[in-house]
Amino acid sequence: MMNHQHPHRFQCRCGQVTGEVADTHSALHAVCYCRDCQAYAHHLGQADAVLDALAGTEVVGTHARHVSFTGGTDQLACVSLTGKGLLRWYARCCHTPLANTGRDWRMPYAGLVHSCLRTPGGEALGPPAFGPVQMHLETAGAKGGTPPRLGVWKQAKALLGFMPRIAASRLTGSYRRTPFFDGAGVPVAAVQVLSPAEHARAIAAVEATA
Ligand SMILES: [Zn+2]
Ligand SMILES: [Zn+2]
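Before going into details, it helps to say that this report is about the structure given with it.

Criteria and cut-off values
- Residues numbered from 1 in each chain as written.
- Chains lettered and ligands numbered in written order.
- Predicted model: local features only at pLDDT ≥ 70, side-chain atom pairs only at ≥ 80, totals over all residues.
- Helix = DSSP H or I, 4+ residues; strand = E, 2+ residues; numbered from the N terminus.
- Rg over C-alpha atoms; globule rule 2.2 N^0.38 Å.
- Buried ≥ 20, exposed ≤ 12 C-beta atoms within 10 Å, placed from the backbone.
- Contact = placed C-beta atoms within 7 Å.
- Pairing = 2+ DSSP bridges.
- Axes fitted to C-alpha atoms, helices over the stretch in contact; angles between N-to-C directions.

Now for the overall build of the protein. A tally of helices and strands in the protein yields four helices and 11 strands. Scaling as 2.2 N^0.38, a compact globule of 210 residues should have a C-alpha radius of gyration of about 17 Å, and the protein matches this with 16 Å. Based on the C-alpha atoms only, the size of the protein along its principal axes is roughly 45 × 40 × 35 Å. Considering the protein as a whole, with its 210 residues, one finds that 37% of them fall into the buried category. A fraction of 69% describes how many contacts in the protein between residues 6 or more apart in sequence connect residues 24 or more apart.

The next subject is the pairing of strand S8 (residues 96-101). Consecutive side chains along a regular strand alternate between the two faces of the sheet. Where burial is concerned, most of S8 is hidden: six out of the six residues are buried. Judged from the five bridges that link them, strand S7 (residues 87-91) and S8 form a sheet pairing that is antiparallel. The residue of S8 that forms the bridge with Trp89 is Ala99. Of the strand pairs in this sheet, S8 and strand S9 (residues 109-113) are connected by three bridges, and their pairing is antiparallel. Note that in S9 the partner of Asn100 across the bridge is Gly111.

The three strands are arranged S1-S2-S5 in an open sheet whose pairing can be described as antiparallel. The open sheet has two free edges, formed respectively by strand S1 (8-11) and strand S5 (67-71), since each of these has just one partner strand. Across the sheet, the mean angle from the axis of one strand to that of its neighbour is 30°, orientation sign disregarded. The pairing of strand S2 (residues 18-21) with S5 spans four bridges and is antiparallel.

Extensive coverage of S7 is indicated by the burial of five of its five residues. Here S7 shows no split at all, with Leu87, Trp89 and Ala91 on one side and Arg88 and Tyr90 on the other all buried. As defined by bridge partners, strand S6 (residues 76-80) adjoins S7 across four bridges and the pair is classed as antiparallel. Across the sheet, residue Ala77 finds its bridge partner in S7, namely Tyr90. Between S7 and S8, which pair antiparallel and follow one another directly, the connecting turn spans four residues, one of which, His95, has a positive phi of 60°.

Turning our attention to the sheet that holds strand S11 (residues 191-193). Judged by pairing direction, the sheet is mixed, and its eight strands sit side by side in the order S10-S3-S4-S9-S8-S7-S6-S11 without closing on themselves. Looking at the sheet topology across the chains shown, the edges are occupied by strand S10 (135-137) and S11. Neighbour to neighbour, the strand axes of the sheet diverge by 30° on average, direction disregarded. Where strand S4 (residues 57-63) and S9 come together, five bridges link them in antiparallel fashion. Pairing of His63 across the sheet is with Tyr109, part of S9. Helix H3 (residues 152-172) contacts strand S3 (28-32), S4, S9 and S10 of the sheet and is inclined by roughly 45° relative to S4.

Judged by how many residues are buried, helix H1 (residues 35-43) sits mostly within the fold: eight of nine residues are covered. Elements that come into contact with the buried residues of H1 comprise S3, helix H2 (47-50), S4, S7 and helix H4 (196-207). Within two residues after H1, Gly45 carries a phi angle of roughly 70°, on the positive side.

Looking at the secondary structure, you find Cys14 in the loop between S1 and S2. By the C-beta count within 10 Å, which is 14 here, Cys14 ends up partly exposed. Each C-alpha atom, one on Cys14 and one on Lys154, is 37 Å from the other, the two residues being 140 residues apart in sequence. Those residues in contact with Cys14 that sit more than four places away from it in its chain are Cys93 and Cys94.

What is shown is where atoms sit, not what they do.
Structure below.
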């Protein structure tokens, strides 16, 4: 359909880690208000830069095969809040969150965190490639107000257009094309699981926010 679209660039705030996301028209644009996303932003010391006025994190979800790194992969780091949580990829150099993925590479969802899709000044990198926010996730976790209502049907439709393509990759093997896992399905950076003390500190920071 719209294959003429240029990939959208992404980079960490200091510019060492760079990459591109292709096939932008197939991405799912969402805001997640869950406590874990908030705890992660606090853990990185990035709550002000990452969380919106209602403590939401804007993410652009896509198939991991559309994501590629063009530089700075030596700065790629990976943390998980718990032994079972999502893998949360960030730039070690400047603590910019980059993307969240599952632990199992056969479910190749990658949620790019908005902070790497913009310049430090807040402008989109490259042409405005992603449409308006289609989904609000975990809205009960919002702080200081209620996120604007998005139609339930509109959200369901967005998800139904998105998830089957991710799930189908189990059959086609396309999950193997990912920059986050090696050819054996092992994460390309060592996964640091937060210690109980670090986890408690991050959750406390979330709870201290009105
Ligand atoms: Zn950086
Ligand atoms: Zn979340």
